[in-house]
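Remarks on the overall topology
Below are the chains, spelled out letter by letter.
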Amino acid sequence: MKVLVATEKPFAAAAVDGIRQETEAAGNELVLLEKYTEKAQLLEAVKDADALIIRSDKVDAEVLEAAKQLKIVVRAGAGFDNVDLAAATAKKVVVENTPGQNSNAVAELVFGMLVYAVRNFYNGKAGTELLGKKLGILAFGNVGRNVARIAKGFGMDVYAYDAYCPAEVIESAGVHAVANQEELFELCDVVSLHIPATPETKQSINYDLVGKMRKGGILANTARKDVIDEPGLIKLMQERPDLKYVTDIKPDADAEFAQLEGRYFSTPKKMGAQTQEANINAGIAAAKQITAFFKDGCTKFQVNK
Ligand code: 3PG
């Protein structure tokens, strides 16, 4: 079987070595398409692939149509909004993710960005500390739980809301559960987003919701660009010079956000999961899932059941 790793943003070399080892030990062939710049390169490479490992790479109906031999796509990571699930299902292609494998890396970046924000982006003026601040975690999945763990080390007072996670589960992790997202924004000094991009969440972080934040509020986004109502957030931040926005996903309106001097920061390229450890964990997990799929028909992590 031919296993194609197609990554616009490549894995660390050690992760690729691990993926190769796992794939070849199972008697399969590994093909690499790294740092591609044109969709045409992906369309060409998938033609004879039986399995595909990707990151945020877009696998749409056109890619699936070109991939005549394809049986399985594994998104080495958590969010799978970059894969057209309906088109994959129609073609009987199994889609999987590797939940939890890169979540610590993303959670650590949240704090990198938060320290940067409360210290006024290192402009030399006295900033503030995270100790004692109220942190709101929106969605208590793998990343949210790691954020809660690290926040306690900073001495933050931690709150969370997750529409799909019972309050008792949140409370059992030593985190205050709140009744809804409005309450989370009202209560907290900092809100960190960990929601997936779904029809329900897209543009849900909007003028009204963020407008509920207390004075000096900070919004941190290591989730997805699409969950933000960008015009609404820009309007609010123009009206409220006390608010800050830090993000790991460059907004479409980056230039407009950049006008909000000293209150906005975006990483140049999505960096949350870009650590050797996360690449190794997620990449090798993806390779192992493919081995198990071809060997035993295992579809434990299938997301298009
Ligand atoms: C994920 O959904 O796992 C993260 O957003 C990481 O995405 P990346 O693999 O493109 O860095």
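Here's a quick rundown of the structure. (Residues numbered from 1 in each chain as written. Predicted model: local features only at pLDDT ≥ 70, side-chain atom pairs only at ≥ 80, totals over all residues. Heavy atoms only, no water.)

**Description of the packing of aromatic side chains**
Here the structure, examined in full by the defined rule, presents 8 aromatic pairs. Relative to phenylalanine 265, the ring of tyrosine 116 has its centre 5.0 Å away and its plane inclined at 90 degrees; by these criteria the two rings are edge-to-face. Here the residue tyrosine 116 occupies a position in helix H5 (residues 103–118), and phenylalanine 265 occupies one in strand E12 (residues 264–266), the gap between them amounting to 149 residues. Here tyrosine 116 falls in the partly exposed class, since its relative accessible area comes to 22%. The exposure class assigned to phenylalanine 265 is partly exposed, which follows from its relative accessible area of 23%. Taking the centre distance of 5.2 Å and the plane angle of 25 degrees together, the rings of phenylalanine 257 and tyrosine 264 count as stacked. Across this residue pair, the class does not change: phenylalanine 257 and tyrosine 264 are buried. Aromatic rings pair up to connect Tyr116, Phe121, Tyr122 and Phe265 into one cluster. (Phe/Tyr/Trp six-rings, centres within 6.5 Å; stacked < 30°, edge-to-face > 60°. Helix = DSSP H or I, 4+ residues; strand = E, 2+ residues; numbered from the N terminus. Buried < 20%, exposed > 50% of the residue type's maximum accessible area, 1.4 Å probe, protein only.)

**Side note on the layout of surface pockets**
The space that makes up the second largest pocket amounts to roughly 790 Å³. Glu8, Ser56, Asp57, Lys58 and Asn82 are the residues nearest the centre of the second largest pocket, which is lined by 27 residues in total. Here the lining of the second largest pocket is composed, by residue class, of 7 nonpolar, 3 polar and 17 charged. Formed jointly, the lining of the second largest pocket draws a minimum of three residues from each of two domains, domain 1 (2–101 + 274–296) and domain 2 (103–266). (1 Å grid on protein atoms, 1.4 Å probe; cavity = no way out; pocket = protein on both sides within 12 Å on 5 of 7 lines; lining within 4 Å. Points joined across faces, edges and corners; volume = space filled by probe spheres on them. Nonpolar A, V, L, I, M, F, W, Y, C, P; charged D, E, K, R; others polar. Domains from an automatic or database assignment.)

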